[in-house]
Amino acid sequence: MLTKASPPVHCCLLAPMISFVRLLGQYTIEFVSETGKIFLFLFAVAANAVRPPYRLHNLLKQIHFIGVRSLFVIILTAVFAGMVLALQGYYTLTRFGAEGLLGPAVALSIIRELGPVLSGLMVTGRAGSALAAELGIMRIREQIDALEVMGIAPLQFLVAPRIMAGLVVLPILTVIFDVIGILGGYLIAVQLLKMSSGVYFSGIESTVVMRDIVTGLIKAVSFGLIVTWICTFKGYYAKRGAEGVSQATTSAVVLSSVLILICDYFITSVLL
Amino acid sequence: MSPVIDPDLQQANQDAEPLPIGERLVRNACISRAQMEEALAFRARQQDDHKGALIGKTLIDMGYITHPALLDCLFHQLTRERVAYHLDRQAETIIRFTGVEKTLDGRKVLDHLDLEIPANKITAIIGISGGGKSVTLKHMVGLMKPDRGEVWVGDQPLGQLSTRELNRVRRRFSMLFQEGALFDSMNVLDNVAFPLRETTSLAESEIRRRVETCLQEVNLGGMGHKYPDELSGGMRKRAALARALVTQPEIILLDEPTAGLDPIIENAIHYLICDTFMRTRYTIVCISHAVPAIFDWCHHVIVLHRGRVLASGPSLEIRYSADPTIKQFISGDLDGPIQVI
């Protein structure tokens, strides 16, 4: 009777390794190609943005959409972020007998870190997802092709105003976040915890320097670029119908949020 | 020795001579010359805003002809022209594909495609779904670039043009997309005015005048304030057609203008295309699945199959082709060289 020969042991080990290496290679190629595409997209948008005609109306419309319409969520987030920071900070600082430093602690945390990061994340959630979905729908409904047929560059008409609006709006939203956040902290510190209002504000005045504010603003500009760049890229190249648009929107929000946090670390380590 | 002239061809050419619509209606005895002159005089007496009104509309308003009769007259004229084209086949080529190849997602969609589109004629591109029709149309206007081969518009090779030159060539085109591609955030009036506002320096009053005229031409007069989601499928297509006409292009590309519409609206769109052609004499290229109806509405037909041209010629010739694949496509039989099940 003939028995089927079992495959050699090295064959059994080699097959999964080969498929693992193949998969790794495939993901690496996809990652490099996607990264290259994202940067080429940004260069193309920059080249289109400096070329006439300049459509100020489009830019103002996007500033309104990304900025003004995000104001409510920014104010709400800022108030509660400042309040919780004051509450937590007070109980921590009390242990060291340093509750007088609550004002500077709240202000520095918000100005250097929480202001730009939370503003970036809130704008990603509110406006970034909408940008990706809007462009994605325009892509699958052939409206972007229609623009091209009319001889209108879609990157110039649709994408450049959105990215420029992000660059302008996020620093402004961050400043608003900072002010409201500090006032939120004031509410808790002075009204609830009965700290002296003079101690709260004089500590801020003597501790916060221009460098802190500039660091926060540099972060805000960077996050404004990241949110609008990634979200417009994902929407612009959306494909495969409604499912493709939903995938593009999800990956735009996830990638923007992750990049904001990664970029925040690197900017902080460089500017600290 | 003088050339021998085919009397049928001579008569067909005389019948098919392109004339202004009013003159054509008189020649075809749809209205009297006195009625046409009266309509012209009436139009001339109107205020500035109404001077641009179409002669056909003026004749309808004056009760000299009904709208269906006017369209019918234009259809008969198109039929005469189709016969003349079938007999003499004289037409300049405006778009030419030479050895165009395109692969999408690993599938060869266009396989060494050679085709020619005659100028100032209505050309229909037909074929089974997935045969490369929409991809062909997108190549004509440079929305897609061939992997190999070249697309020529007039004497300009699209693949060798700079972005600026390509945009200049694109301004010779208008395209009606399958779903209309109207901008959702704008009403119909703004949608139609959009290409004029963005690409010309015309005054707003002139833009509005042109838009109103175009909307009247597609029977959407007074509907300018509506948004695309408030329109039916047929109205959306007509609004998109108005946007395609407003820039007064040389070439109009229509990607399945009657897809998803009921037979009456489909017929109305065909009449509209015929009416547009008679008034403007633009080159019209139309992808259509409305077989066999489309043969009555175009001069030239190109059958695409598996990324290649299976047949190309006057509609009358293709309609009665002996090719089994074309016969099967026209009849819709499941049995034949095209196996779908």
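Residues numbered from 1 in each chain as written. Chains lettered and ligands numbered in written order. Predicted model: local features only at pLDDT ≥ 70, side-chain atom pairs only at ≥ 80, totals over all residues.

1. Focus: the overall build of chain B
Line of reasoning, step 1. Scanning chain B for helices and strands turns up 14 helices and ten strands.
Line of reasoning, step 2. Its C-alpha radius of gyration of 21 Å places chain B within 12% of the 20 Å reference for a compact globule of 341 residues.
Line of reasoning, step 3. With the C-alpha coordinates aligned to their principal axes, the bounding extent of chain B is approximately 60 × 60 × 45 Å.
Line of reasoning, step 4. Put simply, chain B has 341 residues, and 40% of those count as buried.
Line of reasoning, step 5. Long-range pairs, those at least 24 residues apart, make up 66% of the contacts in chain B between residues at least 6 apart in sequence. (Helix = DSSP H or I, 4+ residues; strand = E, 2+ residues; numbered from the N terminus. Rg over C-alpha atoms; globule rule 2.2 N^0.38 Å. Buried ≥ 20, exposed ≤ 12 C-beta atoms within 10 Å, placed from the backbone. Contact = placed C-beta atoms within 7 Å.)

2. Observations concerning the sheet that holds strand β4 (residues 148–153) of chain B
Residues and elements named next belong to chain B.
Line of reasoning, step 1. Pairing is antiparallel in the open sheet, where four strands are placed in the order β2-β1-β4-β5. At either end of the open sheet lies a strand with only one pairing partner, and these are β2 (107–118) and β5 (156–157).
Line of reasoning, step 2. When β4 meets β5, the two strands line up antiparallel, connected through two bridges. Opposite W152, over in β5, you have P157 as the bridge partner.
Line of reasoning, step 3. Across the face of the sheet, helix α7 (residues 133–140) comes into contact with β1 (93–104), β2 and β4 while running at roughly 60° to β2. (Pairing = 2+ DSSP bridges. Axes fitted to C-alpha atoms, helices over the stretch in contact; angles between N-to-C directions.)

3. Remarks on the packing of helix α2 (residues 56–66) of chain A against helix α6 (residues 154–192) of chain A
All names here are of chain A.
Line of reasoning, step 1. Where α2 meets α6, the axes come as close as 8 Å, and the angle between the chain directions of the two elements is 55°. Here α2 is positioned oblique relative to α6, judged by the angle of their axes. Seen from above, α2 lies across α6 with right-handed handedness. Two secondary-structure elements touch here, α2 through N58, L59, Q62, I63 and I66 and α6 through F157, P161, R162, M164, A165, G166, V168 and V169.
Line of reasoning, step 2. The residue makeup of the contact of α2 with α6, split by class, is nine nonpolar, three polar and one charged. (Parallel < 35°, antiparallel > 145°, perpendicular 65-115°, else oblique. Left-handed = near helix turned anticlockwise from the far one by under 90°. Nonpolar A, V, L, I, M, F, W, Y, C, P; charged D, E, K, R; others polar.)

4. Quick notes on helix α12 (residues 263–280) of chain B
All names here are of chain B.
Line of reasoning, step 1. The terminal C-alpha atoms of α12, which comprises 18 residues, lie 26 Å apart, in line with the 26 Å expected from a rise of 1.5 Å per residue.
Line of reasoning, step 2. Burial in α12 covers these residues: E266, I269, H270, L272, I273, C274, D275, T276, F277 and M278.
Line of reasoning, step 3. Considering only its buried residues, α12 is in contact with α2 (21–27), α6 (67–88), β3 (122–126), α11 (233–246) and β8 (283–287).
Line of reasoning, step 4. Among the residues trailing α12, R281 stands out with phi positive, at a value near 65°. (Expected span 1.5 Å × (residues − 1).)

5. Overview of the interface of chain A and chain B
Many structure descriptions define interface size as the accessible area lost when the parts assemble.
Line of reasoning, step 1. Listed by partner, the interface residues are ten residues for chain A and 14 residues for chain B.
Line of reasoning, step 2. Taken together, the residues of the side of chain A that touches chain B break down into four nonpolar, two polar and four charged.

6. A few points about the nonpolar core
Soluble, globular proteins show a tendency: their nonpolar side chains are buried together.
Line of reasoning, step 1. V192, A242, L253, I273, I284, V285 and C286 of chain B are the most contacted members of the largest nonpolar core, which totals 146 residues.
Line of reasoning, step 2. Considering every element that reaches this core, the biggest residue donor is helix α4 (residues 102–140) of chain A, with 16 residues.
Line of reasoning, step 3. Two domains share this core, each providing at least three of its residues, namely domain 1 (7–88) and domain 2 (94–331) of chain B.
Line of reasoning, step 4. Among residues more than four places away in sequence, those in contact with V285 of chain B are I117, T123, I125, L137, M140, I251, L253 and L254 of chain B. (Core = buried A, V, L, I, M, F, W, Y, C linked by C-beta atoms within 7 Å. Domains from an automatic or database assignment.)

7. Some thoughts on the sheet that holds β3 of chain B
Backbone hydrogen bonds are what pair the strands of a sheet, in a parallel or an antiparallel way.
All names here are of chain B.
Line of reasoning, step 1. Reading across the sheet, the six strands line up as β6-β7-β8-β3-β9-β10 and stay open at both edges, with mixed pairing between neighbours. The open sheet is flanked by β6 (173–176) and β10 (308–314), the only strands paired with a single partner. Within this sheet the neighbouring strands show an average axis-to-axis angle of 15°, counted without direction.
Line of reasoning, step 2. In terms of strand pairing, strand β9 (residues 300–305) meets β10 through six bridges, oriented antiparallel. The residue bridging V303 from the neighbouring strand is A311, located in β10.

8. Section: α6 of chain B
Residue and element names in this part refer to chain B.
Line of reasoning, step 1. Here α6 is 22 residues long and its end C-alpha atoms lie 32 Å apart, about the 32 Å a rise of 1.5 Å per residue gives.
Line of reasoning, step 2. Turning to α6, its buried residues are L70, L71, C73, L74, Q77, L78, E81, R82, V83, A84 and Y85.
Line of reasoning, step 3. Residue R89 follows α6 closely and has a positive phi angle near 55°.

9. Structural notes on the confidence of the model for chain B
Residue and element names in this part refer to chain B.
Line of reasoning, step 1. Here chain B averages 83 in pLDDT, while 91% of its residues score no lower than 70.
Line of reasoning, step 2. Highest mean pLDDT in chain B belongs to β4 (93); lowest belongs to helix α4 (residues 48–51) (51).
Line of reasoning, step 3. Low pLDDT (under 50) marks residues 1–5, which in the prediction has one contact with non-local residues, meaning those over four places away or in another chain.
Line of reasoning, step 4. Taken together, the chains of this predicted complex give a pTM of 0.81 and an interface ipTM of 0.79. (pLDDT = per-residue confidence, 0-100.)

10. Things to note about the pairing of β3 of chain B
Residue and element names in this part refer to chain B.
Line of reasoning, step 1. Burial analysis of β3 places five of its five residues in the buried class, the great majority of the element.
Line of reasoning, step 2. Neither face of β3 is left uncovered, since the one carrying I122, A124 and I126 and the one carrying T123 and I125 both have all their residues buried.
Line of reasoning, step 3. The sheet contact formed by β3 and β8 spans four bridges and is parallel. Opposite I125, over in β8, you have I287 as the bridge partner.
Line of reasoning, step 4. Where β3 lies against β9, four bridges are found, and the strand directions are parallel. Within the sheet, the bridge partner assigned to I125 lies in β9 and is I302.

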